[in-house]
Amino acid sequence: MSNWIAIGSINDIPRRGARCVKSPIGTIAVFRTAEDEIYAIEDRCPHKGGPLSQGIVHGAQVTCPLHNWVFSLETGEAQGADEGRVRTVALRLDGETILMDADLVMAIAAE
Ligand code: FES
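Residues numbered from 1 in each chain as written. Predicted model: local features only at pLDDT ≥ 70, side-chain atom pairs only at ≥ 80, totals over all residues.

Glancing now at the overall build of the chain. Assigned secondary structure in the chain consists of 1 helix and 10 strands. Reading the chain from its N terminus to its C terminus gives the helix and strand order β-β-β-β-β-β-β-β-β-β-α. At 13 Å, the chain has a C-alpha radius of gyration in line with the 13 Å of a compact globule built from 111 residues. With respect to the principal axes defined by its C-alpha atoms, the chain has extents near 35 × 35 × 20 Å. Considering only contacts within the chain whose residues lie at least 6 apart along the sequence, 40% involve residues at least 24 apart. (Helix = DSSP H or I, 4+ residues; strand = E, 2+ residues; numbered from the N terminus. Rg over C-alpha atoms; globule rule 2.2 N^0.38 Å. Contact = placed C-beta atoms within 7 Å.)

Below, the structure is given as structure tokens:
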């Protein structure tokens, strides 16, 4: 069973923007797409640690602000010729409230 915790409102995040949440696995970037979908991934690019929360969101992808690697917000996988991935964290919406799977975050932290 998942332990969903409220981390804020979708209205706190601009479309094609992100907001950061501290967690035991480090900062997690919570994105809102132009279509009002929400995704959470680690805010640390596997290339050289760029802050993905400051990247450009296009569709369900984000481009790292440092060297333009592109990551799927759905899978965390690097796109195109680049190789690497960021961890994803499950979210869901309860009305406008964003809920994060805290058990998953704790399980990842314990790895
Ligand atoms: S640090 Fe993200 S692409 Fe280089």
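Of all hydrophobic cores here, the largest spans 21 residues; its most connected members are A29, V30, F31, A40, I41, L52 and F71. For this core, the elements supplying multiple residues, two or more each, are β3 (28-32), β4 (38-42) and β10 (97-101). When residues in this core are grouped by element, the largest group, 4 residues, is from β3. Setting aside its immediate chain neighbours within four residues, A29 contacts A18, C20, A40, I41, D43, L52 and S53. (Core = buried A, V, L, I, M, F, W, Y, C linked by C-beta atoms within 7 Å. Buried ≥ 20, exposed ≤ 12 C-beta atoms within 10 Å, placed from the backbone.)

In a beta sheet, neighbouring strands are held together by backbone hydrogen bonds and run either parallel or antiparallel to one another. Here 3 strands make up an open sheet; going across it, the order is β5-β6-β7 and the pairing antiparallel. Each having just a single partner strand, β5 (56-58) and β7 (70-72) make up the two edges of the open sheet. Each strand of the sheet is rotated relative to its neighbour by a mean of 25°, with strand direction disregarded. Pairing analysis gives 3 bridges linking β5 to strand β6 (residues 61-63), with the strands arranged antiparallel. Note that in β6 the partner of H58 across the bridge is Q61. (Pairing = 2+ DSSP bridges. Axes fitted to C-alpha atoms, helices over the stretch in contact; angles between N-to-C directions.)

Let us now look at the environment of I41. In this structure, I41 sits in strand β4. Classification of I41 as buried rests on a count of 25 C-beta atoms within 10 Å. The sequence separation of I41 and H67 amounts to 26 residues, and the corresponding C-alpha distance is 18 Å. In this structure, I41 is in contact with A29, L52, F71, L73, G76, V86, R87 and T88, ignoring residues within four places of it in sequence.

Burial within β3 is extensive, with 5 of its 5 residues counted as buried. On β3, burial covers both faces: I28, V30 and R32 on one face and A29 and F31 on the other are all buried. One ladder, built from 5 bridges, connects β3 with β4; its direction is antiparallel. Paired with V30 across the strands is A40, a residue of β4. With antiparallel pairing between neighbouring strands as the criterion, β3 and β4 make up a hairpin whose turn holds 5 residues, including D36 at a positive phi of roughly 65°.

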